[in-house]
Amino acid sequence: MKIVLKFLFSFSILFSLGANEAIDWRNVSPPSNFTESKYLLIKLYQKYPRTIYCDCHFNQNGEIDRSSTNHLPAEISNDMLDLEWEHIVPASALGRSMDCWVGDQCPLPSVKPGRACCQKSSKKFQLREANLYNLVPITKYANRKRSNFKP
């Protein structure tokens, strides 16, 4: 419950700021999970809203401008132009040595070991996955092409 309240408090502070107001990043708490990171990253990238690899523009709502997608095949579908947040070091590399990822069973009865289990049961993994220094904006198309390959 404490984590939920902290997230709601951080979320309300971030989104009560106007889109054109500067954010004093020294006063923003680091995110505690991947969801929080995504909200912070949209704000962080407002001054240079371009995706890595394809150099597509995106707006403050995370929508990619199709006219800026010169480096992508013209025939790709619109859903492949969704904005995603890519882990430079893949999430699998962040968690594959943890018990929640490779253990015989997840501590949560209805969840299989792997990323989903670690996201729900390991604070350590949540912090690794939420690290803002390890996340960059990317199109869904480029993210699927990259998969778990090293950059």
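Criteria and thresholds
- Residues numbered from 1 in each chain as written.
- Predicted model: local features only at pLDDT ≥ 70, side-chain atom pairs only at ≥ 80, totals over all residues.
- Heavy atoms only, no water.
- Buried < 20%, exposed > 50% of the residue type's maximum accessible area, 1.4 Å probe, protein only.
- Helix = DSSP H or I, 4+ residues; strand = E, 2+ residues; numbered from the N terminus.
- Salt bridge = Lys/Arg side-chain N within 4 Å of Asp/Glu carboxyl O.
- Phe/Tyr/Trp six-rings, centres within 6.5 Å; stacked < 30°, edge-to-face > 60°.
- Lys NZ or Arg CZ within 6 Å of the ring centre and 35° of its normal.
- Arc of directions from axis to C-beta.
- Core = buried A, V, L, I, M, F, W, Y, C linked by side-chain atoms within 4.5 Å.
- Contact = heavy atoms within 4.5 Å.
- Polar contact = N/O pair within 3.5 Å; in protein donor to acceptor, adjacent residues only side chain to side chain.

**A closer look at the pairing of strand β2 (residues 135–139)**
Every other side chain in a regular strand lies on the same face of the sheet, so the side chains alternate between the two faces. Most of β2 is tucked away, with five of its five residues classed as buried. What you see with β2 is no split at all: Leu135, Pro137 and Thr139 on one side and Val136 and Ile138 on the other are buried throughout.

**Section: the pattern of salt bridges**
In this structure the tally under the stated criterion is three salt bridges. A salt bridge links arginine 50 to aspartate 55; the nearest nitrogen and oxygen atoms lie 3.0 Å apart. Arginine 115 is the salt-bridge partner of glutamate 129, the closest N and O atoms lying 2.8 Å from each other. With a gap of 14 residues between them, glutamate 129 in helix α6 (residues 123–130) and arginine 115 in helix α5 (residues 115–121) connect regions that are remote in the sequence. Classification of arginine 115 as partly exposed rests on a relative accessible area of 32%.

**Considerations on the packing of aromatic side chains**
Applying the stated criterion across every chain yields a total of three aromatic pairs. With centroids separated by 5.9 Å and ring planes inclined at 50°, the aromatic side chains of tryptophan 101 and phenylalanine 125 adopt a geometry described as tilted. Here tryptophan 101 is found in helix α4 (residues 99–102), whereas its partner phenylalanine 125 is found in helix α6, with 24 residues between them in sequence. Here a set of aromatic residues connected by ring pairs shows up, and it is made of Tyr45, Phe58 and Trp85. Taking NZ or CZ as reference, arginine 115 lies 5.8 Å from the ring centre of phenylalanine 34, over its face.

**Details of α6**
Those residues of α6 lying buried are Phe125, Gln126, Glu129 and Ala130. Mapping the buried residues of α6 onto a view down its axis gives an arc of 130°, with all of them on the same face.

**Comments concerning the nonpolar core**
Counting residues in each nonpolar core, the largest one holds 16 residues, and the members touching the most others are Phe58, Leu72, Leu83 and Trp85. Secondary structure elements with two or more residues in this core: α2 (34–44), β1 (83–87), β2 and α7 (140–146). Sequence-distant contacts of tryptophan 85, defined by excluding residues within four places in its chain, comprise Phe34, Lys38, Leu41, Ile42, Tyr45, Phe58, Leu135, Val136, Pro137 and Ile138. One finds Leu94, Val111, Cys117 and Phe125 within the second-largest nonpolar core, a separate group that totals ten residues.

**As for the environment of aspartate 79**
Secondary-structure assignment places aspartate 79 in the loop between α2 and β1. Classification of aspartate 79 by relative accessible area gives partly exposed; the value is 39%. Linking aspartate 79 and lysine 140, residues 61 residues apart in sequence, is a C-alpha distance of 7.7 Å. A distance of 2.3 Å separates the side chain of aspartate 79 from the side chain of serine 77, its partner in a polar contact.

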